[in-house]
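A closer look at the structure
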Amino acid sequence: MRKVLHRIFLLIFLAALTGLLWYGVNGWRQQHKYALLRERLEQEQKRASEEEGISRSRLEILQEINPDVKAYIEIPDTKLSYPVMQSSLEEGNWYLMRDLYGNWDYYGTPYLDIRCDIEAPSRNLWIYGHNMSSGRMFGSLRNYRKKSYFEEHPEIMLEVEEGTESYEIAAVIELDLSLPEDGELFLFVDPDTEEEYEKYLEEIRRRSLYSTGVELSAEDHLISLTTCGRLEAGTPRRLVVIGRLL
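This write-up is about the structure you can find in this document. Bear in mind the structure is a predicted one, so any value in this text is a computation, not a measurement.

Rules and cut-offs
Residues numbered from 1 in each chain as written. Predicted model: local features only at pLDDT ≥ 70, side-chain atom pairs only at ≥ 80, totals over all residues. Heavy atoms only, no water. Salt bridge = Lys/Arg side-chain N within 4 Å of Asp/Glu carboxyl O. Helix = DSSP H or I, 4+ residues; strand = E, 2+ residues; numbered from the N terminus. Buried < 20%, exposed > 50% of the residue type's maximum accessible area, 1.4 Å probe, protein only. Phe/Tyr/Trp six-rings, centres within 6.5 Å; stacked < 30°, edge-to-face > 60°. Lys NZ or Arg CZ within 6 Å of the ring centre and 35° of its normal.

1. Details of the pattern of salt bridges
- Counted according to the given criterion, the structure contains 13 salt bridges.
- The salt bridge involving E168 is made with R244; its shortest N-O contact spans 2.5 Å. Linking E168 in strand β6 (residues 163-176) with R244 in strand β8 (residues 237-245), this pair joins segments that are 76 residues apart in sequence.
- Residue classification places E168 among the partly exposed residues on the basis of a relative accessible area of 23%.
- A cluster of three or more residues bridged by salt bridges with shared partners is formed by D182, E203, R206 and R207.

2. Description of the packing of aromatic side chains
- Throughout the structure, instances matching the rule amount to nine aromatic pairs.
- Both rings, one in Y144 and one in Y149, keep their centres 4.9 Å apart while their planes meet at 85°; by these two values the pair is edge-to-face.
- With relative accessibility at 1%, the residue Y144 sits in the buried group.
- Summarising the aromatic geometry, the rings of F188 and Y200 are spaced 4.0 Å apart at their centres and angled 5° between planes, so their arrangement reads as stacked. Highlighted residues: F188 in the loop between α4 (180-186) and α5 (194-207) and Y200 in helix α5, separated in sequence by twelve residues.
- A residue is classified by how much of its surface remains accessible, and Y200, at 4% relative accessible area, is buried.
- An aromatic cluster is built from Y111, W126, Y128 and F186, whose rings are joined through pairwise contacts.
- A cation over an aromatic ring shows up here: R38 above the ring of Y82, its NZ or CZ 5.2 Å from the ring centre.
- The cationic tip of R98 hangs over the ring face of W94; the distance from NZ or CZ to the ring centre is 4.0 Å.

Spelled out as structure tokens, the structure:
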């Protein structure tokens, strides 16, 4: 009996170790992949400036790689610096497990909700990303539960075709998608009326984990960066960092 239990525990240990190694190797590959991409972007921008005397945006270069790239998002002085995808397919979460090149990738790539129009733009741009324990992708967003982190990183930069837009973070909320009222907030993109928008903004103010000092009004355009509320896959909780376009 002891031998059987020993073998069972050994198998469990080996399975856990294999899982950790797989996660670590894939994490390194993903980190290396985007480090090479950022280096490529910098080199292409430098080449265009020196050889052609023109300025090329990261977005322009990325769209030559994949036209599904709709923006480039960055929070200064953090790990969050990635292309933002939007699938042309009916399956709006295509990039949940795909990289910039369309290849399968456990880490996925940040992507824009299929209901959102970044060119119009929609009043509320929802962008999704994985909550990685390494802090990659949208993993660093969980730091916004602390007001001190918000005070150090109060701005979201979004590069779009017209240029780079700046959003000041206005609220940090948590939603439980198993609750109907939270599900409605999670679906909010474009209001039908100003009253509907005011009601939504009031919920954001009420639910914010702390006061940011940023006032929201019905004229504002928002960006909502969202990730799993916990590290476990499949959790119905979502952490949402909401910014106001300056």
